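An overview of the molecular structure
What follows is the residue order along each chain.
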Amino acid sequence: MITRTSTTLEPVNWQRQLAEAISDPATLLTSLGLSTEAFPGHELAAKQFPLRVSQHYLRLIKHGDPTDPLLRQILPLGQENQVIEGYSNDPLDEKDAQRGHGILHKYKGRALLIVTGACGIHCRYCFRRHYPYSDDNALLHWEPMLQQLNEMPEIREVLLSGGDPLTLSDRRLSSLLDRLEAIPHLQRLRIHTRLPVAIPDRLTTELIERLASSRLHTSMVIHTNHPRELAEPLDQRLEQLRRAGITLLNQTVLLAGINDELETLCSLSEKLFSFGVLPYYLHILDPVAGSAHFEVPRGKIDQLAEQLRANLPGYLVPRIVKELAGQDSKTPLHLF
Ligand SMILES: *Cc1c(COP(=O)(O)O)cnc(C)c1O
Ligand code: SF4
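Presented here is a report on the structure given in the accompanying data block. For every chain, the first residue of the written sequence is number 1, and numbering continues from 1 onward in sequence order. Chains and ligands are labelled sequentially in the order written, the chains with letters from A and the ligands with numbers from 1. Local features in this predicted model are restricted to residues of pLDDT 70 or higher, and side-chain atom pairs are both shown and tallied only at a pLDDT of 80 or more, whereas totals for entire chains, interfaces and linings draw on every residue. Water and hydrogen atoms play no part in the side-chain values, which are based on all heavy atoms of the structure.

Observations concerning a nonpolar patch on the surface
Surface patches are defined over residues having more than 30% relative accessible area and no salt bridge, joining like charges when they lie within 9 Å and nonpolar side chains (Val, Leu, Ile, Met, Phe, Trp, Tyr) when within 5 Å. To measure how exposed things are, a 1.4 Å probe is used in the Shrake-Rupley method; for residues, cover is taken only from the protein chains shown. Salt bridges are defined by distance alone: a side-chain nitrogen of Lys or Arg within 4 Å of a carboxyl oxygen of Asp or Glu. A grouping of F273, L278 and Y315 is seen on the molecular surface, where their side chains present a nonpolar patch of about 290 Å² in accessible area. Each residue is assigned to one of three classes by its accessible area relative to the maximum for its type, calculated with a 1.4 Å probe on protein chains only: buried under 20%, partly exposed between the two thresholds, exposed over 50%. With a relative accessible area of 48%, Y315 lands in the partly exposed category.

Some remarks on helix α8 (residues 170–181)
Its twelve residues give α8 an end-to-end C-alpha distance of 16 Å, which sits within 8% of 16 Å, the value for a rise of 1.5 Å per residue. Within the span of α8, buried status applies to D170, L173, L176, L177, L180 and E181. The arc enclosing the buried residues of α8, seen along the axis, measures out at 135 degrees, which places them on a common side. Packed against the buried residues of α8 are β2 (110–114), α7 (143–150), β3 (157–161), β4 (188–193) and α10 (205–212). A run of H or I in DSSP becomes a helix once it reaches four residues, and a run of E becomes a strand once it reaches two; helices and strands are each numbered from the N terminus. Multiplying 1.5 Å by the residue count of a helix minus one yields the expected span of that helix. Of all possible arcs, the one meant is that of the directions from the helix axis to the C-beta atoms. By definition in these notes, contact holds between two residues if any of their heavy atoms fall within 4.5 Å.

Examining the site of ligand 2
Every residue close to ligand 2 is listed here: C119, I121, H122, C123, C126, G163 and R194. Any residue that is not Ala, Val, Leu, Ile, Met, Phe, Trp, Tyr, Cys, Pro, Asp, Glu, Lys or Arg is counted as polar, Gly included; the first ten are nonpolar and the last four charged. Across the shell around ligand 2, the residue classes tally to four nonpolar, two polar and one charged. For each residue, the test is whether any non-hydrogen atom lies within 4 Å of the molecule or strand; if one does, the residue is near.

Some remarks on the packing of α7 against α8
For every element, the axis is a line fit to its C-alpha atoms; helices are fit only across the contacting stretch, and the angle between N-to-C directions ranges from 0 to 180 degrees. At a minimum axis separation of 10 Å, α7 and α8 run at an interaxial angle of 25 degrees. Relative to α8, the element α7 lies roughly parallel. With respect to the hand of their crossing, α7 and α8 are arranged in right-handed fashion. Touching E143, M145, L146 and L149 of α7 are L176, R179 and L180, all from α8. Residues that form the contact of α7 with α8 fall into these classes: five nonpolar, no polar and two charged. Any angle between 65 and 115 degrees counts as roughly perpendicular, while under 35 counts as roughly parallel, over 145 as roughly antiparallel, and the rest as oblique. Here a crossing is taken to be left-handed if its near helix is turned anticlockwise relative to the far helix by less than a right angle, and right-handed if that turn runs clockwise.

In structure tokens form, the structure reads like this:
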């Protein structure tokens, strides 16, 4: 039984929230009762990759705490400006995997479509922060991408990615789905998104109903890194999705100072489950320039892996993986 009384939606509400995202670090810090002087170099870091945070996410950040794990995911820091060996602009060699027109084809049967360069929130650890979105035709029109997909009969599953595919309007997503559904060899659709965490209202009834009516078996992988990111009204929206038959998974990036403690990761897995979401991947950070301060040492990763297995039921233990260029899947912990 779907009750919608508490989730009656104003269709353009989320777009207004997207437009009202904060992009000025001083505004952010002042509203949290923090001084800008405490963060030297943040202006330069914000010039390289701008701040972007929704009012909803801002409300989840603890007031007056410069080390808050949610704040640290979005606040530009002087540390990002350091050039560190081994950290580059394209750590995954994605340029090699491109089939053109916004299609990344790395793994058998699956193709990742970069359908937009825009995001609802900017994450400082993002491995695509230097991605040359503006060079990508697909962002302007999808025709060549769809044509190419048509000619790739081995592809069974398409992943919508970006950027964040849910920054597209329901109308645009729906017309993209129409086109994907018309490609006979496609069976599954997967949406990778962090927008539900930034703006839960993005999960509109219209979107949920459109996904539910698709002939493609659909899953949504939300990206959360900390249990405090799972807050009302996200639980209600995810429940609607789940009741509509959409499989819900989560992926997390392991980040020093944010979620590299057993207690945080256990609580994240348990809270995800209470929101109807299963943990899927726990990604080791990609060495993208500007993110070295998030790196967790190997010894600690091994220890966390062991502790997670010992403390959680198997189905709540995320697969710890790293993305290595040129491999035929994400690489599991024991192989890197
Ligand atoms: C991660 C990724 C996928 C999905 O991999 P799964 O193991 O199926 O989740 C597909 N394509 C690309 C390019 C990816 O980076
Ligand atoms: S939402 Fe995803 S793609 Fe966008 S900045 Fe964050 S990690 Fe990167």
